Amino acid sequence: MNFNCIKTVLLAATAMISLNSFSQDLIARQAPIDKKLKLVDSLALQKQIRAEQSAYPALDLYPNWNNEYVHAYGKDAIIPESYTIDLKGFCMPTPSTRITSPYGPRWRRMHNGLDLKVNIGDTIVSAFDGKVRIVKYERRGYGKYVVVRHDNGLETVYGHLSAQLVEPNQLVKAGEAIGLGGNTGRSTGSHLHFETRFLGVAINPIYMFDFPKQDIVADSYTFRKTRRPDRNGSSDTNLADNDGGTIRYHKVKSGDTLGRIAINRGVSIDRLCKLNRITRNTTLRIGQVLRCS
């Protein structure tokens, strides 16, 4: 092999090594670029998800967004066995503390909310941040009413209003005025009919709201799936006081005692002690949350 041939072979080998080195260097430089691009894609996706969640609260729970019917889900809703609902950031829908008709059976039918005494023209506000789903009128039912879906998974219904101050698909904040108290629809006197629902299942509002004290019962509420839903969409576990039913809580206020809490929550002192692993002599702290069922 002459010198020129050897030189040609060496030059070719050098070129191949240089090319390989250049390729590796290019890949090395490209790696952080790809990582940055993936990060940008991830941030864009997160931004899009947040935008969708803002546009449609509890998007991961509900099967659709319907502006026509309060009971819009039926068999399309996948109801979890249990779900913890965050109650922080609440606002009482009205400063009224007088409950004129409780949740439960009434006149051979189910009353899926509770009635609060208000006067015609009293301001009614949204209980939590959310988005208005329905603004409608039912002559033989809710009268003028508003339904709001909230970020925590709840939907709240405000019935018998004299005026509605919001539009469908409007975003609202907790405490923002959504209507005025009234006596429209199937009503025998001015009041607010107030419902709390989770995926269409009615829940007794007093398990979450303490109307006399104008506060929430606890910072969160644990919903448990009913075993025997009735035809009105109500959950019988919300009426039951057993370990398989709804978990209820009480936030300790100034002046509370085990005896007073037991009477207010319809449970024995011994049951309270057992549920919370305390004794009758335990000192209660203001703000402490006790399980009541």
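Presented here is an overview of the structure given in this document. What you see as residue numbers is a count from 1 along each chain, following the sequence as written. Residues qualify for local features only when their pLDDT is at least 70, as the model is predicted, and side-chain atom pairs are given and counted only at 80 or more; totals for whole chains, interfaces and linings, by contrast, use all residues. Side-chain metrics rest on all non-hydrogen atoms present in the structure, leaving aside hydrogens and water.

1. Examining unusual backbone geometry
Move 1: The backbone of Asn169 sits at a positive phi, close to 75 degrees, despite the residue not being glycine.
Move 2: By the criteria applied, helices consist of DSSP H or I runs no shorter than four residues and strands consist of E runs no shorter than two, each listed in order from the N terminus. As for its position among the elements, Asn169 is in the loop between strand 10 (163–164) and strand 11 (171–172).
Move 3: Located in the positive-phi region is Leu199, a residue other than glycine, with phi close to 50 degrees.
Move 4: Counting through the fold element by element, Leu199 comes out in the loop between strand 13 (191–198) and strand 14 (201–203).
Move 5: Only protein chains enter the accessibility calculation, which uses a 1.4 Å probe; a residue whose area is less than 20% of its type maximum is buried, one above 50% is exposed, and one in between is partly exposed. Exposure remark for Leu199: the relative accessible area of 4% places this residue in the buried category.

2. A few points about the environment of Ile206
Move 1: Position of Ile206 among the secondary structure elements: in the loop between strand 14 and strand 15 (209–210).
Move 2: In this structure the C-alpha to C-alpha distance between Ile206 and Tyr103, which are 103 residues apart in sequence, comes to 8.5 Å.
Move 3: Whether two residues touch is decided by their heavy atoms; if any such pair falls within 4.5 Å, the residues are in contact. Setting aside chain neighbours within four positions, we find Ile206 in contact with Ile99, Leu114, Val217 and Arg265.

3. Looking at the pairing of strand 12 (residues 177–180)
For a regular strand, the rule is simple: side chains alternate between the two faces of the sheet.
Move 1: Sheet topology places strand 6 (residues 123–125) next to strand 12; three bridges connect them, and they run antiparallel. Paired with Ile124 across the strands is Gly179, a residue of strand 12. Think of it this way: DSSP has to see at least two bridges between two strands before they count as a pair.

4. Details of the sheet that holds strand 12
Move 1: Judged by pairing direction, the sheet is antiparallel, and its three strands sit side by side in the order 6-12-10 without closing on themselves. The open sheet is flanked by strand 6 and strand 10, the only strands paired with a single partner.
Move 2: Strand direction decides the pairing type here: strand 10 and strand 12, joined by two bridges, are antiparallel. Directly across from Ala163, in strand 12, lies its bridge partner Leu180.

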